[in-house]
Amino acid sequence: MTEKQTTDRAASKQRSEQLVHKLVQQIDRNPGDADAYYELATALVDLNSFAQAEELLMKSLGLFGAQPETVEKLHYGLGNVYYAAQDYTKAIQQFDQLGPKWKGAGYLMLAQSYMANGDHKRALAFALTALTSQPQDVATLQVVAENLLAVGNFAQAATYYDQVLTLDDQNGRAAFDRGLVAMVQGTPYADYFKRAEQLDPQYFQQGQKRLADIEKFIQTQGGHDTK
């Protein structure tokens with residue numbers, strides 16, 4: 001980690017700690033402010049205090065049980081806590097019970113939870129469902145593309161990555177993955193990797209093993225070299 005990253009992380013932690021202090025005071029003054037409980041849980045997640053965030057939201061579900069819309073939001077928040085803590089089974093249980101208002105966001109989180117669990121086919125199904133209510137959402141399009149790539153549907157993955165890059169031309173992660181797809185398809189790919197390295201050097205470096213694996217695969221198939 002660079003010195004700048006260390007400084008940025010320390011500053012972010014300090015902001016989260018200050019926000020926690022502010023929200024605790026806000027709840028003390030007004031215990032009926034459901035949004036403050038949700039925001040406090042979010043701040044606790046930012047500090048990796050997952051157990052505290054879970055306890056807070058479970059308590060909140062009891063406090064606001066007579067307010068259906070609030071309960072929905074708290075379940076969504078609890079799902080995010082479990083997702084951040086990498087307890088994807090519990091996250092899925094929370095997102096799976098959301099009503100219509102939260103379904104779009106909930107389906108996307110379900111897709112991400114299943115993807116994190118390695119169940120790409122189910123993740124793809126939920127991501128496509130989420131896309132019906134938010135067809136121009138970059139995050140949803142990218143999750144669809146990533147799962148299509150994971151299941152080997154390269155032609156469709158290319159289509160969705162192209163949509164992502166049209167909406168967000170600064171997306172280094174999508175540029176790198178689009179380059180991988182182009183490699184497999186035997187179409188020009190060097191420009192995608194160049195963009196990815198400029199826009200997201202960390203993801204580019206992390207992806208070098210995937211890149212090497214695909215190059216080996218192409219060579220064993222008698223491959224192509226279309227840069």
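Coordinates for the structure precede this section.
Reference entry: report on the structure contained in this document.

Calculation notes
- Residues numbered from 1 in each chain as written.
- Predicted model: local features only at pLDDT ≥ 70, side-chain atom pairs only at ≥ 80, totals over all residues.
- Heavy atoms only, no water.
- Helix = DSSP H or I, 4+ residues; strand = E, 2+ residues; numbered from the N terminus.
- Buried < 20%, exposed > 50% of the residue type's maximum accessible area, 1.4 Å probe, protein only.
- Contact = heavy atoms within 4.5 Å.
- Phe/Tyr/Trp six-rings, centres within 6.5 Å; stacked < 30°, edge-to-face > 60°.
- Lys NZ or Arg CZ within 6 Å of the ring centre and 35° of its normal.
- Salt bridge = Lys/Arg side-chain N within 4 Å of Asp/Glu carboxyl O.
- Expected span 1.5 Å × (residues − 1).
- Polar contact = N/O pair within 3.5 Å; in protein donor to acceptor, adjacent residues only side chain to side chain.

What about the overall build of the protein?
Link 1 in the chain: Per the secondary structure count, the protein includes 13 helices and zero strands.
Link 2 in the chain: Traced from its N-terminal end to its C-terminal end, the protein shows the element sequence α-α-α-α-α-α-α-α-α-α-α-α-α.
Link 3 in the chain: Counting only C-alpha atoms and orienting by the principal axes, one finds that the protein spans roughly 70 × 40 × 25 Å.
Link 4 in the chain: A buried classification covers 41% of the 227 residues belonging to the protein.
Link 5 in the chain: Long-range contacts, defined as pairs at least 24 residues apart, comprise 50% of the intrachain contacts of the protein with a sequence gap of at least 6.

Considering the packing of aromatic side chains
Link 1 in the chain: Here the structure, examined in full by the defined rule, presents ten aromatic pairs.
Link 2 in the chain: Between the aromatic rings of Y114 and F126, the centroid separation amounts to 5.5 Å while the plane-to-plane angle is 5°, which identifies the pairing as stacked. Separated by twelve residues along the polypeptide, Y114 in helix α6 (residues 100-116) and F126 in helix α7 (residues 120-133) bring together distant segments of the chain.
Link 3 in the chain: Of the residues examined, Y114 reaches a relative accessible area of 12% and is grouped as buried.
Link 4 in the chain: Taken together, F176, Y189, F193, Y203 and F204 form an aromatic cluster joined through their ring pairs.
Link 5 in the chain: The ring of Y38 is capped by K73, whose NZ or CZ atom sits 4.7 Å from the centre of that ring.

Here's the deal with the pattern of salt bridges
Link 1 in the chain: Enumeration over the complete set of coordinates arrives at seven salt bridges.
Link 2 in the chain: Here D177 and R210 are joined by a salt bridge, their closest N and O atoms 3.2 Å apart. On the criterion of sequence distance, the pair formed by D177 in helix α10 (residues 172-185) and R210 in helix α13 (residues 208-220) is long-range, its members being 33 residues apart.
Link 3 in the chain: Classification of R210 by relative accessible area gives partly exposed; the value is 33%.

Some thoughts on α7
Link 1 in the chain: When the terminal C-alpha atoms of α7 are compared, their 21 Å separation across 14 residues agrees well with the 20 Å that a helix rising 1.5 Å per residue should span.
Link 2 in the chain: Looking at α7, one finds that the buried residues are A123, L124, F126, A127, A130 and L131.
Link 3 in the chain: Contact partners of the buried residues in α7: α6, α8 (138-150) and α9 (154-167).

Side note on α9
Link 1 in the chain: The terminal C-alpha atoms of α9 lie 20 Å apart, and with 14 residues this matches the ideal 20 Å at 1.5 Å per residue to within 8%.
Link 2 in the chain: Among the residues of α9, those classed as buried are A157, A158, Y160, Y161, V164 and L165.
Link 3 in the chain: On its buried side, α9 packs onto α7, α8, α10 and α11 (190-199).

Structural notes on unusual backbone geometry
Link 1 in the chain: Positive phi, close to 60°, is recorded for N48, a residue that is not glycine.
Link 2 in the chain: By secondary structure assignment, the location of N48 is in the loop between α2 (34-46) and α3 (50-63).
Link 3 in the chain: With a phi close to 65°, Q86 is a non-glycine residue in the positive phi region.
Link 4 in the chain: Tracing the backbone through its elements, the reader meets Q86 in the loop between α4 (68-84) and α5 (88-95).
Link 5 in the chain: Judged by relative accessible area, Q86 falls into the exposed class, the value being 59%.

Some remarks on the side chain of Q94
Link 1 in the chain: Following the sequence through the fold, Q94 ends up in helix α5.
Link 2 in the chain: Note on Q94: relative accessible area 10%, which makes it buried.
Link 3 in the chain: Within polar-contact distance, the side chain of Q94 engages the side chain of H75 at 2.7 Å.
Link 4 in the chain: Ignoring sequence-local partners within four residues, the contact set of Q94 consists of H75, L78, G79 and Y82.

This is a description of form; function is not addressed.
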